[in-house]
Structure formats: structure tokens, C-alpha cells
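Below, each chain spelled out in residue letters.
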Amino acid sequence: MNRAKRLSLSLIGIGPIGASIVKLAHNRKHQWIGAVDIDPQKIGKDLGQVAGLNSKLGVRVESSLEQVLQQKPDLVIHSTVSSLEKVYPQILECVHAGIDVISTTEELAYPYQRHNELAKRLDQQARKNNVTILGTGVNPGFLMDLLPLTLTGPCWEVRHLLVERRIDADLRRGPFQRKIGAGLSIEEFNRTISAGGGHVGLLESLYMVADGLSITIDHVEESIEPVVATAPFTGRLISVDTGKVLGLRQSAQGYSNEHEIISLSFAAFLGLENPADRIVLNGEPMIEMVIPGGIHGDAATAAMVVNSIHNVLAASAGLVTMKDLPVPRAMGRICNH
């Protein structure tokens, strides 16, 4: 793909992250030629208006994916839900149309453990239709998998990897707060988790790292628990009474030869102090990296998608993960003030 060529893009799903992707890609001078959403309030409107741009893009939001694919964009960006089973038909429709796909679906970031059969089918169809499929985002897709893998570059050996992500959920949008159970009773939280709630992506990141380091994981231990308010909390968007849930703590540990080799820790709750992203490599040499305040998930996910476009267009056909491609870069985006 000639990088001087103005790329044509289409979007599936214009939620908060999808809107951020529209804005960033527009700033990068990519051309939007199609968009689809299920929200009746968005269908028929201009994509620029729906995404919150100050100008129209001349692209009507459609209700049918088929209409959008008929325009033959260079690439489709897919931003809807976390479940691969739910988005599989949409992605497959793009593949059959012969169009590359980048998706923010968390379970697609490394689907071989949770959905191995679906992953095999997608890879087979992608190769058959000569297209590339990538699942990416900030987590999974970068902070807990690609970034730690990159940090192992100067290591002679890695004995243990610890990744911690700590988020003050009070600074995040409402859907994220609901996703982590903020405001629920403990009983409601437990029911939500039993139904598949909580953060999606720890397993995907753990197995991507293990695969990237050629480590065989014998078994994985997971845990998830509510963080309960010990006093009333008044937040930016919601207030939580004593005894109700502020958010969650979640973890996954991977074992090889009965030794813990990978530990991923995710904490997100209202009022969390000292938010940060931290990576500790116990090896030769020892490496510790801390990002004070942490990386904002929504904005970073949009950047990961847009910064991966050229890598996907240049990749071999098939289903790929972030460890299979060059590290994405914000090329030409250094600003001198």
C-alpha cells in the first residue's frame, strides 16, 4: 500500500471509542466513506456530526453493513462489543467482501485460547480472501501484552513478569463505571460477574505474552472481587453509599512447570489513589517501568487502531495479533511548540 495514497475507511459502531477513531483518522487525513450503527438516533445522520466533529464528512450513517461494504473501503474499523461470538458474523462479512479489518473487540486480541475454533475459521477465511484481521486496543493490545513483550528485548532471560494497571474509575465515562459494577450491591455485582461481567482481556494478554516468549502455560488462576465503599463516596458522575461497590480488582496468573511466570493485575474503582501502569520484569537485567497516572484507555485505544492501519494493510493475509506486527508508531506526529 502506497502511504502517500489517501486511505478510505469505513466504521462499524459509533460509540465513544468509535467517535474518537473518526476524529483521529480525520486529523490524519484519512477519508471516511462509510459508517454503520444500530442506534436509530444515529442512522441517517452525517458521520461527522454523530462523532462530534465541527464539520460534516458527507458520509451518511447506515443501518446495513452490506451498504457500507459495497463502497469497497481500503479497511473497515470495527468498534462494538467485547464478545468474539457476537461480532464474528460482522467480521466474516467484511472478510468475504475482501476488506481488511481492525477491531477493538477484546476477545479478538488473542482469541486462540478462549475461541480457538472461531479463530481458526477467521484465519482460514482471511487467507482465502487475501485480507488481514487484527484485534487491538490499549488493554488488551498494548499495556499488558505488547509493551511488556517489547521490554524483554534487552533481556538475557525472563524469570517472571508482573503487569499492574490501576485506574481511578471516577475519571472515566459512565459505561466504563457500569462495566466494573460501580454503584451495585455486592449481590448485584456477583450476579453481573457470574453472567460474564468485569474486565475482558486479561486471559488474552496473558496468552499473547506467553506465546510471544515461547512459554507453555500449564494452568491459569483467575480472581475477581468487588471493592466496597467503607464510607459514602460522591463521584463526578455517580454517588455510592457505604456497603455498595466502587469497582473491582481482577487478576490472572499463568504457571509454567508449576511456577508462576506471568501475573496480571487490574484494579479499577471510584476514588482509587495513585493510578498508574506498572511493568516489572524479573530477569537479566531487571526492568521496571511505571507510567504515573496511567494511560487513558479510550483515547489510547483510538490511537492504537489508527496507528495500526498501515501495519495491517502491509501484513500478510490471515488473522494476526499485535505481537505479529511491527510496533505501531505515531509517525510524523511530533509537534514543536
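Whatever comes next refers back to the structure up there.
Rules used throughout
- Residues numbered from 1 in each chain as written.
- Predicted model: local features only at pLDDT ≥ 70, side-chain atom pairs only at ≥ 80, totals over all residues.
- Heavy atoms only, no water.
- Helix = DSSP H or I, 4+ residues; strand = E, 2+ residues; numbered from the N terminus.
- Rg over C-alpha atoms; globule rule 2.2 N^0.38 Å.
- Buried < 20%, exposed > 50% of the residue type's maximum accessible area, 1.4 Å probe, protein only.
- Contact = heavy atoms within 4.5 Å.
- Areas by Shrake-Rupley, 256 points an atom, 1.4 Å probe, with all protein chains shown as cover.
- Lys, Arg positive; Asp, Glu negative; His and termini not counted.
- Charge placed at Lys NZ, Arg CZ, Asp CG, Glu CD.
- Pairing = 2+ DSSP bridges.
- Right-handed = clockwise from strand over helix to strand, strands pointing away.
- Core = buried A, V, L, I, M, F, W, Y, C linked by side-chain atoms within 4.5 Å.
- Phe/Tyr/Trp six-rings, centres within 6.5 Å; stacked < 30°, edge-to-face > 60°.
- Lys NZ or Arg CZ within 6 Å of the ring centre and 35° of its normal.
- Axes fitted to C-alpha atoms, helices over the stretch in contact; angles between N-to-C directions.

1. Some details on the overall build of the protein
Helix and strand content of the protein: 11 helices and 15 strands. Whereas a compact globule of 337 residues would reach a radius of gyration of roughly 20 Å, the protein reaches 20 Å, a difference of no more than 12%. Considered along the principal axes of its C-alpha atoms, the protein spans approximately 50 × 50 × 50 Å. Per-residue burial for the protein yields a buried fraction of 54% across its 337 residues. Nonlocal contacts in the protein, meaning residues at least 24 apart in sequence, comprise 72% of its contacts between residues at least 6 apart. When the accessible surface of the protein is split by element, carbon and sulfur atoms take 48% of a total near 15600 Å². Charge-centre separation for the protein: the mean point of 32 positive side chains lies 9 Å from the mean point of 35 negative side chains.

2. Section: unusual backbone geometry
The omega angle of the peptide bond from Asn 139 to Pro 140 is 5°, so this bond is cis rather than trans. One can find Pro 140 in the loop between strand 6 (132–135) and helix 6 (146–151). The peptide bond linking Glu 284 to Pro 285 adopts the cis configuration, its omega dihedral lying at 5°. Phi is positive for Lys 72, close to 55°, though the residue is something other than glycine. Structurally, Lys 72 can be placed in the loop between helix 3 (65–69) and strand 4 (75–78). Not every positive phi belongs to a glycine, and Asn 257 is a case in point at roughly 50°. For Asn 257, the location among the structural elements is in the loop between strand 11 (245–256) and strand 12 (259–269). Classification of Asn 257 as exposed rests on a relative accessible area of 61%.

3. Some words on the pairing of strand 2 (residues 31–36)
Burial analysis of strand 2 places 5 of its 6 residues in the buried class, which makes it a mostly covered element. Two elements, strand 1 (residues 8–12) and strand 2, share 5 bridges in a ladder whose sense is parallel. What sits directly across from Ile 12, in strand 2, is Val 36. After leaving strand 1, the chain enters helix 1 (residues 16–27) and then returns to the sheet as strand 2, a path that is right-handed. Judged from the 2 bridges that link them, strand 2 and strand 3 (residues 61–62) form a sheet pairing that is parallel.

4. So, the nonpolar core
In summary, soluble globular proteins display a tendency toward joint burial of nonpolar side chains. In this structure, Trp 32, Leu 47, Ile 77, Ile 262 and Ile 309 are the most contacted members of the largest nonpolar core, which totals 81 residues. Setting aside chain neighbours within four positions, we find Ile 309 in contact with Leu 7, Leu 9, His 30, Leu 75, Ile 77 and Ile 102. By size, the runner-up hydrophobic cluster in this structure holds 14 residues, among which are Leu 84, Ala 126, Ile 133 and Leu 319.

5. Comments concerning the packing of aromatic side chains
Two aromatic rings are characterised by how far apart their centres lie and by the angle between their planes. This model, assessed by the stated rule, comprises 1 aromatic pair. Relative to Tyr 112, the ring of Tyr 110 lies with its centre 5.0 Å away and its plane at 75°, an arrangement referred to as edge-to-face. Tyr 110 sits in the buried class, given a relative accessible area of 8%. One residue, Arg 172, lies across the ring of Phe 176, its end atom 4.2 Å from the ring centre.

6. Describing the sheet that holds strand 7 (residues 157–168)
Taken in spatial order, the 6 strands of this open sheet run 8-11-12-7-13-14, and their pairing is mixed. Looking at the sheet topology across the chains shown, the edges are occupied by strand 8 (219–228) and strand 14 (287–292). When the angles between neighbouring strand axes are averaged without regard to direction, this sheet yields 10°. Note: strand 11 against strand 12, 10 bridges, orientation antiparallel. Paired with Gly 247 across the strands is Phe 269, a residue of strand 12.

7. Digging into the sheet that holds strand 5 (residues 100–103)
A sheet is described by the order of its strands in space; here 7 strands give the open sequence 3-2-1-4-5-6-15, paired in parallel fashion. On the outer flanks of this sheet lie strand 3 and strand 15 (318–320), each paired with one strand and no other. Here helix 1 sits on the sheet in contact with strand 1, strand 2 and strand 4, set at roughly 165° to strand 2. Against the sheet, helix 4 (residues 84–96) touches strand 1, strand 4, strand 5 and strand 6, its axis set at about 170° to strand 4.

8. What to know about helix 9 (residues 202–212)
Of all 11 residues in helix 9, 9 are buried, a share of seventy percent or more. The complete set of buried residues in helix 9 reads Leu 202, Leu 203, Glu 204, Ser 205, Leu 206, Tyr 207, Met 208, Val 209 and Ala 210. Phi for Ser 214, located one or two positions after helix 9, is positive at around 55°.

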